[in-house]
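So the chains spell out like this:
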Amino acid sequence: MATPQDVIGFWIQAGPEKWFAKSDAFDQAIRLRFEPTHFAAARGEYDAWTANAEGVLALLLLLDQFPRNLFRNSGHAFATDPLARKVAREALAAGFDKQLEPKLRPFLYLPLQHSEVLADQDQALAHFNALAEEQGDPDVAKWAKHHHAVIARFGRFPHRNRQLGRKTTAEEQAFLEEDGFTG
């Protein structure tokens, strides 16, 4: 059975250079070490972790970040997003984000940033903007602004259309070709 420290330690050791890059080796490392843990979290077997900030962070990594590596290029990458959003909303209401070091706080905001609901995007953007102001670094909110703009424009992330079996509109295709954002 994994612990929050196992999940967070692995993530911190991997570092920002691996967190958002596409890497078969990193995806495989997550698969080998945490795929069963991800499924257990999806079944609710780690719900007790929501009692504190460290547990919530680990649970959100399992439900929001790891699936994007485990199931890259598949609709399954987004299957636990609703669970992650629920956990994130409750954690933010409890102020758990403020109990984490600033470099790890975004992982409590990302489930809302990954949402295709504009109200979630609004909340994510507010949190990222506050963090950017706190750190004196406007780049902290760069991708939150981008995600928000995409949802405000299309009501969904066009780069997910293929994985989710959705038809891409001509406007979305033009955006994908010029923007280059792949999620």
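An unreviewed UniProt entry lists the chain under the name DUF924 family protein, from Caulobacter sp. 73W.

With that out of the way, let us pick up the overall build of the chain. Within the chain one finds nine helices and zero strands. Taken from the N to the C terminus, the helices and strands of the chain come in the order α-α-α-α-α-α-α-α-α. At 16 Å, the chain has a C-alpha radius of gyration in line with the 16 Å of a compact globule built from 183 residues. In terms of overall dimensions, the chain has C-alpha extents of about 45 × 35 × 25 Å along its principal axes. Classification of the 183 residues of the chain by burial places 48% in the buried group.

What follows concerns helix 5 (residues 81–93). Its 13 residues place the ends of helix 5 18 Å apart at the C-alpha level, agreeing with the 18 Å of an ideal helix rising 1.5 Å per residue. Check the buried side of helix 5 and you find it contacts helix 4 (53–70), helix 6 (106–113) and helix 7 (118–135). A positive backbone phi angle near 75° is found at Gly-95, which sits one or two residues after helix 5.

Thresholds, definitions, all that
Residues numbered from 1 in each chain as written. Predicted model: local features only at pLDDT ≥ 70, side-chain atom pairs only at ≥ 80, totals over all residues. Heavy atoms only, no water. Helix = DSSP H or I, 4+ residues; strand = E, 2+ residues; numbered from the N terminus. Rg over C-alpha atoms; globule rule 2.2 N^0.38 Å. Buried < 20%, exposed > 50% of the residue type's maximum accessible area, 1.4 Å probe, protein only. Expected span 1.5 Å × (residues − 1). Contact = heavy atoms within 4.5 Å.

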